[in-house]
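Observations on the three-dimensional arrangement
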2 protein chains.
Amino acid sequence: MKAGNKTSGARLRIVLEPDIAIGPGKADILEGIRETGSIAAAGRRMGMSYKRAWLLVEGMNACFKSPLVETRRGGQARGGAVLTPDGEKVLACYRRMEVLTAQAIDGELAGLRVMMADISERT
Amino acid sequence: MKAGNKTSGARLRIVLEPDIAIGPGKADILEGIRETGSIAAAGRRMGMSYKRAWLLVEGMNACFKSPLVETRRGGQARGGAVLTPDGEKVLACYRRMEVLTAQAIDGELAGLRVMMADISERT
DNA sequence: TCGCGACATGTTCAAAAAAACATATCGAGG
DNA sequence: CCTCGATATGTTTTTTTGAACATGTCGCGA
């Protein structure tokens with residue numbers, strides 16, 4: 001697995017408008033596109049159907065003034081997708097927010113953990 | 001409405017184990033119980049069925065070493081629920097984390113907003 | 001001992017979300 | 001002009017989730 005699989009810790013969801021948001025899943029897709037050069041490959045990598053991945057991309061593109069992902073069909077590479085400058089910015093921004101959040105709540109999180117039940121004990 | 005209705009900003013979900021977490025909804029329920037003295041009233045207040053609210057409470061109780069909510073049936077008050085000391089702690093801790101998060105990502109969030117499409121333009 | 005209000009649970013039905021399946025399109029290159 | 005892999009969408013099926021409804025329990029106080 002590549003990213004977004006933290007089994008414990010904080011998850012950040014940035015709510016831009018009621019309904020529209022960017023969370024761990026969309027950030028991972030952006031990252032996947034950036035690394036693989038295609039929506040399909042990014043989706044496959046995270047065990048997600050192409051359709052679903054594409055839908056999320058469409059949603060993100062519609063949410064910003066300028067699209068975050070640019071796609072090409074056919075051609076020498078037989079299609080593909082890349083992050084636009086804004087796409088890179090949004091991804092980097094989200095990742096920074098994740099780090100900042102983790103740092104900010106680190107102490108509080110430790111306080112929570114001492115109250116948590118051990119995972120092992122299942123009835 | 002009382003709480004948990006931010007239309008914009010960050011939402012925090014603390015993932016304790018895969019599947020189980022405490023997020024805005026559960027925090028609001030804890031707060032509701034604390035203020036109303038009953039699961040039912042807390043649920044009503046946030047437009048949620050008693051069953052659903054109770055299910056969430058059960059989930060939280062099971063997730064920590066010691067229950068966060070203590071309930072009583074019958075009696076002079078005809079039943080009710082209160083936060084245990086741990087419940088108070090968890091709620092306070094979560095609210096602090098919300099504030100810390102908001103402060104930590106404030107600057108980055110501003111950067112995101114300038115790229116966002118205006119809400120008004122709907123096709 | 002009956003009623004009240006809240007806890008505790010089970011069941012059933014509807015809505016929403018995700019997965020699965022099916023095409024259609026594009027365009028360089030063989 | 002046909003192939004190839006990826007984008008772009010539509011349709012159908014399945015799964016998950018949530019809402020709705022139905023019961024049963026509890027224990028004090030009238």
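Residues numbered from 1 in each chain as written. Chains lettered and ligands numbered in written order. Predicted model: local features only at pLDDT ≥ 70, side-chain atom pairs only at ≥ 80, totals over all residues. Heavy atoms only, no water.

1. A look at the protein's contact with DNA strand D
Our working rule: By convention in these notes, a residue is near a molecule or strand provided one of its non-hydrogen atoms lies within 4 Å of it. In protein, a polar contact requires one atom able to donate a hydrogen and another able to accept it; more generally it is a pair of N or O atoms within 3.5 Å, and residues adjacent in sequence count only if both atoms are side-chain atoms. Secondary structure counts use DSSP, requiring at least four H or I residues in a row for a helix and at least two E residues in a row for a strand, with both numbered from the N terminus.
Taken together, the neighbourhood of DNA strand D is formed by 19 residues, with I39, Y50, K51, T71 and R78 of chain A sitting nearest. A distance of 3.3 Å separates a base nitrogen of DNA strand D from a polar backbone atom of G74 of chain A. Backbone polar atom of G74 of chain B to a base oxygen of DNA strand D: 3.0 Å apart, as the coordinates give it. Of all elements in the fold, only α2 (39-45), α3 (50-63) and β3 (69-72) of chain A together with α3 (50-63) of chain B reach the threshold of two or more residues within the surface near DNA strand D.

2. A look at the packing of helix α1 (residues 24-36) of chain A against helix α4 (residues 85-113) of chain A
Residues and elements named next belong to chain A. Let me state the cut-off plainly: A fitted line through C-alpha atoms represents every axis, and for helices the fit uses only the stretch in contact; the resulting angles, taken between N-to-C directions, go from 0 to 180 degrees. Roughly parallel here means an angle under 35 degrees, roughly antiparallel means over 145, roughly perpendicular means 65 to 115, and every remaining angle is called oblique. Left-handed describes a crossing whose near helix is turned anticlockwise from the far helix by less than a right angle; the clockwise case is right-handed. Should any heavy atoms of two residues lie within 4.5 Å, those residues are considered in contact. Polar here means any residue other than Ala, Val, Leu, Ile, Met, Phe, Trp, Tyr, Cys and Pro, which are nonpolar, and Asp, Glu, Lys and Arg, which are charged; Gly is therefore polar.
Across the interface, α1 lies against α4 with an axial gap of 10 Å and an inter-helix angle of 130°. Here α4 runs oblique to α1, going by the angle between their axes. Where α1 crosses over α4, the handedness of that crossing is left-handed. Contact residues: α1 offers P24, A27, D28, L30, E31 and R34, while α4 offers G87, E88, V90, L91, Y94 and R95. The class makeup of the residues in the contact of α1 with α4 is 6 nonpolar, 1 polar and 5 charged.

3. Considering the protein's contact with DNA strand C
Around DNA strand C, the surrounding shell holds 20 residues, and the nearest of these are I39, Y50, K51, T71 and R78 of chain B. Counting only the atoms of DNA strand C that lie within 4 Å of the protein, the sugar and phosphate share comes to 68%. Residue I39 of chain B places a main-chain N or O atom 2.6 Å away from a phosphate oxygen belonging to DNA strand C. At the level of secondary structure, the elements contributing two or more residues to the surface near DNA strand C comprise α3 of chain A together with α2 (39-45), α3, β3 (69-72) and β4 (80-83) of chain B. Residues belonging to the surface near DNA strand C are distributed by class as follows: 5 nonpolar, 8 polar and 7 charged.

4. Digging into α1 of chain A
What sets the pattern is the α-helix's 3.6 residues per turn: residues three or four places apart point alike. Residue and element names in this part refer to chain A. Here is the rule: Every helix has an expected span of 1.5 Å times one less than the residues it contains. Each residue gets one of three labels from its accessible area relative to the maximum for its type: buried under 20%, exposed over 50%, partly exposed in between, using a 1.4 Å probe on protein chains only.
Under the 1.5 Å per step criterion, the end-to-end length of α1 is 18 Å for 13 residues, consistent within 8% with the ideal 18 Å. The set of residues buried in α1 consists of P24, K26, A27, D28, I29, L30, E31, G32 and I33. At the C-terminal side of α1, G37 shows a positive phi close to 80°.

5. Topic: the interface of chain B and chain A
Let me state the cut-off plainly: Here's the idea: put two parts together, see how much 1.4 Å probe accessible area each one loses, and the total over both is what we call buried area. Any carboxyl oxygen of Asp or Glu that lies within 4 Å of a side-chain nitrogen of Lys or Arg is treated as forming a salt bridge with it.
On the side of chain A, 35 residues touch chain B, which itself brings 35 residues to the contact. On the chain B side of the contact with chain A, E108, L112 and M115 of chain B bury the most area, a combined 19% of that side's loss. At the surface where chain B touches chain A, the tally comes to 2 salt bridges. In this structure, R96 of chain B and E108 of chain A form a salt bridge, with 2.7 Å as the shortest nitrogen-oxygen distance. Counting across the chain B and chain A interface gives 11 residue pairs in polar contact (both at pLDDT 80 or more). If one sorts the elements of the side of chain B that touches chain A by residue count, helix α4 (residues 85-113) of chain B sits on top with 13 residues.

6. Details of the relation of the copies chain B and chain A
What connects the two chain copies is a rotation about an axis and a shift along it. How we decide: All copies are superposed by least squares; the fitting set is the C-alpha atoms of residues with a pLDDT of at least 70 in both.
The transform that puts chain B on chain A rotates by 180° and translates by 0.1 Å along the axis, for an RMSD of 0.1 Å. As the rotation angle and translation indicate, the two copies are arranged about a two-fold axis.

7. Things to note about the side chain of T101 of chain A
Note on placement: T101 of chain A falls in helix α4. With relative accessibility at 2%, the residue T101 of chain A sits in the buried group. Among the polar contacts listed, one links the side chain of T101 of chain A to the backbone oxygen of M97 of chain A, at a separation of 2.8 Å. Excluding residues that lie within four positions of it along the chain, T101 of chain A makes contacts with A10 and L12 of chain A together with L12, T101 and I105 of chain B.

8. Quick notes on the environment of A77 of chain B
Residue and element names in this part refer to chain B. For A77, the location among the structural elements is in the loop between β3 and β4. Classification of A77 as partly exposed rests on a relative accessible area of 43%. It is 9.9 Å that separates the C-alpha atoms of A77 and G37, two residues lying 40 residues apart in sequence.

9. Quick word on the pattern of salt bridges
Residue and element names in this part refer to chain A. As enumerated under the stated definition, the model contains 14 salt bridges over all chains in all. Close ionic contact of D28 with R95 constitutes a salt bridge, the shortest N to O distance being 2.8 Å. Here R95 lies in helix α4 and D28 lies in helix α1, a separation of 67 residues in the sequence. Across the pair, R95 and D28 agree in class, each one buried. Here the salt bridges do not stand alone but share partners, grouping D28, E31, R95 and E98 into one network.

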